Amino acid sequence: MNTPLPEYPDALPEAEALFEELLRQLKPRVSHAAGMVGIVTGGAWLAERLHAALGLRAPLGVLDASFYRDDFVEKGIKPHTSPSQVPFEVQGREILLVDDILYTGRTVRAAMNELFDYGRPARIDLVVLADRGGRELPIEPVYCGGKVNVPKGAILMLERDPSNAFSLRFSAARRERKAQA
Amino acid sequence: MNNPQLNDRGGLRHLLTIEGLPREILVNILDTARSFVSLSGREVKKVPLLRGKSVFNLFFEPSTRTRTTFEIAAKRLSADVINLNVQSSSQTKGETLLDTIDNLAAMHADMFVVRHSQSGAPHLIARHLTRQNVVNAGDGRHAHPTQGLLDAYTIRHHKKDFSKLSVAIVGDVLHSRVARSLIHVLNILGTPDVRAVGPRTLLPTEIERLGVRVYTDMAAGIRDCDVVVTLRLQNERMQGPLLPSPQEYFKSYGLTPERLALAKKDAIVMHPGPLNRGVEIDSAVADGPQSVILQQVTFGIAVRMAVMAILAGQGKAGAA
């Protein structure tokens, strides 16, 4: 297969600027009683910082959602799943579901299915740091740090340094794709 | 060497025995099980991984605990479960094992969980099948891999790290597929001190070659241990005079509070069940604060879920 390599942008947006924008949107609108759940791994990192900055009362939840993915039959379970933990009552609560980068929407779909197995939330608002487009499901964020232009198939990841500062970068898989081409 | 349990990409296709499995696969099963353990705190305890799949529980030998926990595990993964007690069906009418399997495969089985009194029966079935996964739920004296894994899970839960542990396996090692699977798991996970403790007549010859230290003296065998695994005295597998009597056995090898005091203060006591109280274990120990016997049963569900989920996820990957 000789598909042409996608064009990569020269510069990705500053993740910290996206984070500030996200916080600016959330602060006036979020109730302290809302529950927050981050999707591993990047979404959970983002949720940790948002949760602290917003001063939410309920402890932070984490979802892995591996057991709900629709690509299980093709890919199997990813190694080293981490246990999901939702340490508050989901039933009747407003939930902020947090992920780092929104792409096809399939991870969010899996996470929502898992969340419903804990109870019936009053509402779920989707919070993402960056939206790269390319949706395959009717899922849109309510709070979004900003849009990024990324070629289809490229793997964009959130990284966090030892001081918890965020940055966006392409994964090593990009080099493999180049080598194959 | 070609391992019949692995597909051409090194993924787990069948679970027949622990022997020869790479460490990463065992660790992955234990890690995945940890995620399944956390489901028990939820409103809905099921996940949709095996939705639309059929798991056939094929028990050619009686079992309550293992069959039930496999059934619960498959149901928590949303599979359809068909329980077959084969002793009381076609085989007594003369059908061969592989004919039985072909018929069940024709009913669109996706996975077979097999217990058989003949060592090697699950291997035979796995070799015969091209599409389905096979899980060995205990074959003869050979292996009981999910029990070995749930024992390892329980040990890891309490002791975190295998690299400094002393584990004593006490009793009827000769007839025990549980002991054999546990010894292999412990070796692969890097346990430095694994001991087999029991009367010579119930220890296999050359068991030292499995990397265990042999003790015929109970006190010496469990001294300073972190984990004591008591095995069931398997009356149904005993042929000939291996033991004077169960009472005699209890006198020399029964796990009493006095003997347990020789192990480390925080030692845990395990048993694969069913218990013979007053034969291999004193009730005061079985029901005591160091006993994790019932926890083993609960963890067993999560470990079996992990095994089935990992196998099912290899289905199409192998063909791709």
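Residues numbered from 1 in each chain as written. Chains lettered and ligands numbered in written order. Predicted model: local features only at pLDDT ≥ 70, side-chain atom pairs only at ≥ 80, totals over all residues. Heavy atoms only, no water.

> Can you help me understand the environment of leucine 150 of chain B in this one?
Residue and element names in this part refer to chain B. Within the secondary structure, leucine 150 sits in helix H5 (residues 145-159). A relative accessible area of 3% places leucine 150 in the buried class. Not counting the four nearest positions on each side in its chain, leucine 150 is found in contact with Gln296, Gly300, Val303 and Arg304. (Helix = DSSP H or I, 4+ residues; strand = E, 2+ residues; numbered from the N terminus. Buried < 20%, exposed > 50% of the residue type's maximum accessible area, 1.4 Å probe, protein only. Contact = heavy atoms within 4.5 Å.)

> It is not clear to me how the pairing of strand E5 (residues 166-170) of chain B should be interpreted in this structure. Could you clarify?
Regular strands place side chains that alternate from one sheet face to the opposite one. Residues and elements named next belong to chain B. Burial within E5 is extensive, with five of its five residues counted as buried. Here E5 pairs with strand E6 (residues 193-197) via five bridges, running parallel. Within E6, the residue paired with alanine 168 across the bridge is arginine 195. In this region the chain leaves E5, passes through helix H6 (residues 177-188) and returns to the parallel neighbour E6; the handedness of that crossover is right-handed. Where E5 meets strand E8 (residues 227-230), four bridges bridge the pair, whose relative direction is parallel. Residue pairing in the sheet places valine 170 in a bridge with threonine 230 of E8. (Pairing = 2+ DSSP bridges. Right-handed = clockwise from strand over helix to strand, strands pointing away.)

> How should the sheet that holds strand E7 (residues 213-215) of chain B be read in this particular structure?
Picture the strands of a sheet paired through backbone hydrogen bonds; they go either parallel or antiparallel. Residues and elements named next belong to chain B. A sheet is described by the order of its strands in space; here five strands give the open sequence E7-E6-E5-E8-E9, paired in parallel fashion. What marks the edges here is a single partner per strand, and that holds for E7 and strand E9 (268-270). Each strand axis lies, on average, 20 degrees off the axis of its neighbour in the sheet, ignoring direction. Together, E8 and E9 form the strand contacts of H5, whose direction differs from that of E9 by roughly 170 degrees. (Axes fitted to C-alpha atoms, helices over the stretch in contact; angles between N-to-C directions.)

> Please clarify how the side chain of serine 171 of chain A should be interpreted in this entry.
All names here are of chain A. Within the secondary structure, serine 171 sits in the loop between strand E7 (166-170) and helix H5 (173-180). Here serine 171 falls in the buried class, since its relative accessible area comes to 11%. If we skip the residues at most four places from it in the chain, serine 171 touches Ile155 and Met157.

> Please clarify how the side chain of histidine 14 of chain B should be interpreted in this entry.
Residue and element names in this part refer to chain B. Residue position: histidine 14 is located in the segment before helix H1 (23-37). One polar contact links the side chain of histidine 14 to the main-chain amide nitrogen of valine 134, over a distance of 2.9 Å. With residues near it in sequence (within four places) discarded, histidine 14 still touches Pro4, Gln5, Ala126, Gln132, Asn133, Val134 and Leu311. (Polar contact = N/O pair within 3.5 Å; in protein donor to acceptor, adjacent residues only side chain to side chain.)

> Sorry, what's going on with the pairing of E7 of chain A here?
Residue and element names in this part refer to chain A. A one-sided burial pattern is seen for E7, the buried positions being Phe166, Leu168 and Phe170 and the unburied ones Ser167 and Arg169. Pairing between strand E6 (residues 156-160) and E7: five bridges, direction antiparallel. Bridging from a neighbouring strand, arginine 160 pairs with phenylalanine 166 of E7. Connecting E6 to the next strand, E7, in antiparallel fashion are five residues, including asparagine 164 with a positive phi near 70 degrees.

> Explanation requested: the layout of surface pockets in the structure shown.
Gaps between atoms show up when a probe of the same size as a water molecule is rolled over them. Residue and element names in this part refer to chain A. Quantified by volume, the largest pocket comes out at close to 1,200 Å³. Around the largest pocket, the lining comprises 37 residues; the ones closest to its centre are Arg69, Tyr103, Thr107, Ile155 and Leu156. Of all the elements in the fold, those that place two or more residues in the lining of the largest pocket are helix H2 (42-54), helix H3 (72-75), strand E3 (94-102), helix H4 (106-116), E6 and H5. When residues of the lining of the largest pocket are assigned to their parent elements, the largest contribution, four residues, is made by E3. (1 Å grid on protein atoms, 1.4 Å probe; cavity = no way out; pocket = protein on both sides within 12 Å on 5 of 7 lines; lining within 4 Å. Points joined across faces, edges and corners; volume = space filled by probe spheres on them.)

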